[in-house]
Amino acid sequence: MSAIDDEQKITSPVIYNIDSAFGEKYLQVYNKFDYSKALMFTDRSMTYRESDIVSDNQRILTPYYQMFYKDYHFHFSLHSIISFKGRFLGIMSLFRNDQKENFTQNDIELVRLLTTHLENSLYHHFQTEIYSPKKMTVSQVTQKYHLTEQQKIILQKLLDGIDNKQICSQLGITNNTLKKHISNIYKKLQIKKRVQLFKTIKERGK
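Counting starts from 1 at the beginning of each chain's written sequence and moves along it residue by residue. With the structure being a predicted model, the display of local features is reserved for residues of pLDDT at least 70 and the display and counting of side-chain atom pairs for 80 or more, all residues being used for whole-chain, interface and lining totals. Working from all heavy atoms in the structure, the side-chain values ignore hydrogens and water.

**Topic: the overall build of the protein chain**
How we decide: The way it works is that DSSP assigns letters per residue, a run of H or I at least four long becomes a helix, a run of E at least two long becomes a strand, and they are numbered from the N terminus. The contact definition used throughout considers only heavy atoms, calling two residues in contact when any of these lie within 4.5 Å. All accessible-area figures derive from a Shrake-Rupley calculation using a 1.4 Å probe, and residue coverage is judged against the displayed protein chains alone.
From N to C terminus, the protein chain includes 9 helices and 5 strands. Mapped from its N terminus to its C terminus, the protein chain presents α and β elements in the order β-β-α-β-α-α-β-β-α-α-α-α-α-α. Expressed as a percentage of contacts within the protein chain between residues at least 6 apart in sequence, the contacts between residues at least 24 apart total 60%. Working note: accessible area of the protein chain is about 12,600 Å², and carbon and sulfur atoms make up 52% of it.

Okay, structure coming up:
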């Protein structure tokens with residue numbers, strides 16, 4: 001899925017028929033190495049086999065193939081970029097191992113049909129999230145993202161507008177320790193800036 005606040009970032013992978021760690025590794029390697037990711041921002045849906053973009057001889061030498069495909073014994077892949085009204089919404093990727101045949105033209109047509117159905121559904125989901133944000137309380141965020149008690153206290157102080165120096169003094173911790181707590185909070189909430197806290201969490205209310 002495309003992130004709500006950053007169209008050029010993919011997040012929240014849904015995995016089927018392979019271990020859950022696959023999703024996180026896929027995102028890391030895809031965002032860093034995939035040579036086809038520029039296709040995500042062409043403002044229209046597109047379905048393609050990776051072998052149609054890069055020849056096998058070239059593909060197997062790329063860091064993307066070496067660091068990702070080989071680990072899972074994959075060789076073939078079929079991808080569908082999902083976009084609607086100029087907005088990139090997500091990507092659906094199917095993989096086959098090195099013991100099977102490449103995806104066929106019939107496979108491509110079937111995935112295209114599925115993509116057409118997904119366009120409206122995902123676009124409606126994104127519009128709902130963007131224009132009708134449901135802010136959570138600190139307690140709800142703590143439960144949903146599994147924050148520690150210390151992280152919960154720090155989160156509330158950040159929302160109250162207390163600066164880092166005061167927080168350190170109140171909690172009896174060093175600035176470096178506070179920075180580590182804040183970094184872990186941001187990582188769990190999948191955000192990068194303090195301003196994003198106020199878009200996600202109610203400033204008042206426990």
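**Things to note about the sheet that holds strand E3 (residues 46-49)**
The condition is simple: Following DSSP output, two strands are said to pair if at least two bridges run between them. Here, axes are lines fitted to C-alpha atoms. For helices the fit covers the stretch in contact, and angles between N-to-C directions go from 0 to 180 degrees.
Ordered by their spatial adjacency, 3 strands build an open sheet running E3-E4-E5, and the pairing between neighbours is antiparallel. Each edge of the open sheet carries a strand with a single partner, namely E3 and strand E5 (87-97). Neighbour-to-neighbour, the strand axes of the sheet open up by a mean angle of 15 degrees, direction not taken into account. Sheet topology note: the strand E4 (residues 74-84)/E5 ladder contains 10 bridges and is antiparallel. Note on E5: the bridge partner recorded for Phe84 is Arg87.

**Quick notes on unusual backbone geometry**
This is how the line gets drawn: Per-residue accessibility, obtained with a 1.4 Å probe over protein chains only, is compared with the maximum for each type, and a residue is labelled buried under 20%, exposed over 50%, and partly exposed between these values.
Its identity as a non-glycine residue notwithstanding, Lys85 has a phi of 55 degrees, on the positive side. Considering the arrangement of structural elements, one finds Lys85 in the loop between E4 and E5. Exposure remark for Lys85: the relative accessible area of 64% places this residue in the exposed category. With phi around 60 degrees, Gln190 is a residue other than glycine that occupies positive phi space.

**What to know about the pattern of salt bridges**
The following threshold applies: A pairing counts as a salt bridge when a side-chain nitrogen of Lys or Arg comes within 4 Å of a carboxyl oxygen of Asp or Glu.
Here the structure, examined in full by the defined rule, presents 5 salt bridges. A salt bridge links Asp52 to Arg49, with the nearest nitrogen and oxygen atoms 3.0 Å apart. A relative accessible area of 49% means that Asp52 is categorised as partly exposed. The shortest N-O distance in the salt bridge between Asp56 and Arg59 comes to 3.1 Å. Residue Asp56 and its partner Arg59 are located together in helix H2 (residues 56-59), separated by 3 residues, close to a single helical turn. On the basis of relative accessibility, which here comes to 1%, the residue Arg59 falls in the buried class. Each of Glu50, Asp56 and Arg59 takes part in salt bridges that share partners, so that together they form one network.

**Digging into helix H8 (residues 175-189)**
To keep things clear, this is the line we draw: Working rule for helices: expected span equals 1.5 Å times residues minus one. This arc describes the spread of directions from the helix axis toward the C-beta atoms.
For H8, which comprises 15 residues, the first-to-last C-alpha distance of 21 Å matches the rise-based estimate of 21 Å (1.5 Å per residue) to within 8%. Among all positions of H8, only Leu178, His181, Ile182, Ile185, Tyr186 and Leu189 are buried. All buried residues of H8 fall inside an arc of 135 degrees around its axis, so they share one side. Exposed residues pointing more than 90 degrees away from the buried face of H8 are listed as Asn176, Lys180 and Lys187. Close packing links the buried residues of H8 with helix H5 (138-145), helix H6 (149-159), helix H7 (164-171) and helix H9 (195-200). One or two positions beyond H8, positive phi appears at Gln190, with a value near 60 degrees.

None of this, on its own, says anything about what the molecule does.
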